[in-house]
Amino acid sequence: FRGDPEYVKILSGSSVEIANIANNHAYDYGEAGFEETARTLEDAGICASGFARPGFVSVKGATVGSAGFYDKDHSLSEMVSAVEYMRARCDLLIVSIHWGKEYTHEPTDEQRRIGHALIDAGADLVIGNHSHVYGGLEMYKGKYIIYSLGNFCFGGNSNPDDKNCTIFQQRFVLAADGTVSDGGISIIPAMISSTSRTNDYSPRIQGVETGVELLSRIIA
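Heads up: these notes are all about the structure in this document. Given the structure is predicted, the values throughout are model-derived calculations rather than measurements.

As a further point, take the pattern of salt bridges. Counted according to the given criterion, the structure contains 10 salt bridges. Ionic pairing is found between Lys72 and Asp71, a salt bridge with its closest N-O pair at 3.7 Å. According to the relative accessible area criterion, Asp71 is buried, its value standing at 16%. With a closest N to O distance of 3.4 Å, Glu213 and Arg217 form a salt bridge. Of the two residues, Glu213 and Arg217 both sit in helix H5 (residues 208–219), 4 residues apart, roughly one turn of that helix. Among the residues examined, Glu213 registers a relative accessible area of 45% and is labelled partly exposed. When its relative accessible area of 36% is taken as the criterion, Arg217 is described as partly exposed. Overlapping salt bridges bring together Glu35, Glu42 and Arg53 as one network.

Below is the structure:
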């Protein structure tokens, strides 16, 4: 997969501040392609993180760390070591991971094991992607694991069967002693398209009826 570097303006013009670029297509064009992607994002003011590339941004005086993994390219011990390294260098650590089975809503036992280990290592939030469909979420030791958000701005299929997706928002409270606590979450039901007939690449927030139905399925 590749795209015109000018497309980065879609992100920079939409308040995207951090991009995880660890996924199964990151090296389709080799090391040079990966580095160009990271450089294009950074030149646009977007922090690029993923694989061995840690990301750090400052938010309201706090250092937010971003780590990104593709589970097929990292062992669990490698991911845990990376999270421990970053945990010591930031106030808040968000981990994004490309994992799981495509088109499967339920997390695997392996995903659960990895998610728990990342929290144990110091992650404050684990956000999963790759399955192309929404998944469940879990609170583990006071921290959230989002097994899959689903697609959002997705150009890989002109008319996917399942157009549901979610937006996850979380507010964090950082105490003076460095302790991070949950300040509340929102799970916003969305669609990858403004029409059910095709994919017009214009995501929208769902209405009450379909939104409640989607949230009920996620809870289940």
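On we go.
Taken in spatial order, the 3 strands make up an open sheet running E9-E10-E11, and their pairing is antiparallel. Each end of this open sheet is capped by a strand with a single partner; those strands are strand E9 (164–174) and strand E11 (204–205). With 10 bridges connecting them, E9 and strand E10 (residues 180–191) associate as antiparallel partners. Each bridged residue has a counterpart across the sheet, and for Phe168 the counterpart in E10 is Ile187.

Time to look at unusual backbone geometry. Leaving glycine out, the prevailing phi sign among residues is negative, and the prevailing peptide bond configuration is trans. A positive phi angle, near 50 degrees, is found at Lys60, a position not held by glycine. Along the chain, Lys60 turns up in the loop between strand E3 (55–59) and strand E4 (62–70). In the Ramachandran plot, His132 falls in the positive-phi region, its phi being about 70 degrees despite a non-glycine side chain. Relative to the elements of secondary structure, His132 occurs in the loop between strand E6 (125–129) and strand E7 (137–140).

Turning our attention to helix H3 (residues 76–87). Taking 1.5 Å per residue as the helical rise, H3 with its 12 residues ought to reach 16 Å, and the 16 Å between its terminal C-alpha atoms agrees with that figure. Regarding H3, the residues found buried are Met79, Val80, Val83 and Met86. Down the axis, H3 shows its buried residues gathered within 130 degrees of arc, on one side only. Those residues of H3 that are buried are in contact with E3, E4, strand E5 (92–98) and helix H4 (109–121).

Okay, the sheet that holds strand E8 (residues 143–146) next. Pairing is mixed in the open sheet, where 6 strands are placed in the order E3-E4-E5-E6-E8-E7. The open sheet has two edge strands with one neighbour each: E3 and E7. Going across the sheet, the axis of each strand differs from the next one's by a mean of 20 degrees, ignoring polarity. As judged from the 5 bridges shared by E5 and E6, these two strands associate in the parallel manner. Bridging across to E6, Ile97 finds its partner in Gly128.

Calculation criteria
Residues numbered from 1 in each chain as written. Predicted model: local features only at pLDDT ≥ 70, side-chain atom pairs only at ≥ 80, totals over all residues. Heavy atoms only, no water. Salt bridge = Lys/Arg side-chain N within 4 Å of Asp/Glu carboxyl O. Buried < 20%, exposed > 50% of the residue type's maximum accessible area, 1.4 Å probe, protein only. Helix = DSSP H or I, 4+ residues; strand = E, 2+ residues; numbered from the N terminus. Pairing = 2+ DSSP bridges. Expected span 1.5 Å × (residues − 1). Arc of directions from axis to C-beta. Contact = heavy atoms within 4.5 Å. Axes fitted to C-alpha atoms, helices over the stretch in contact; angles between N-to-C directions.

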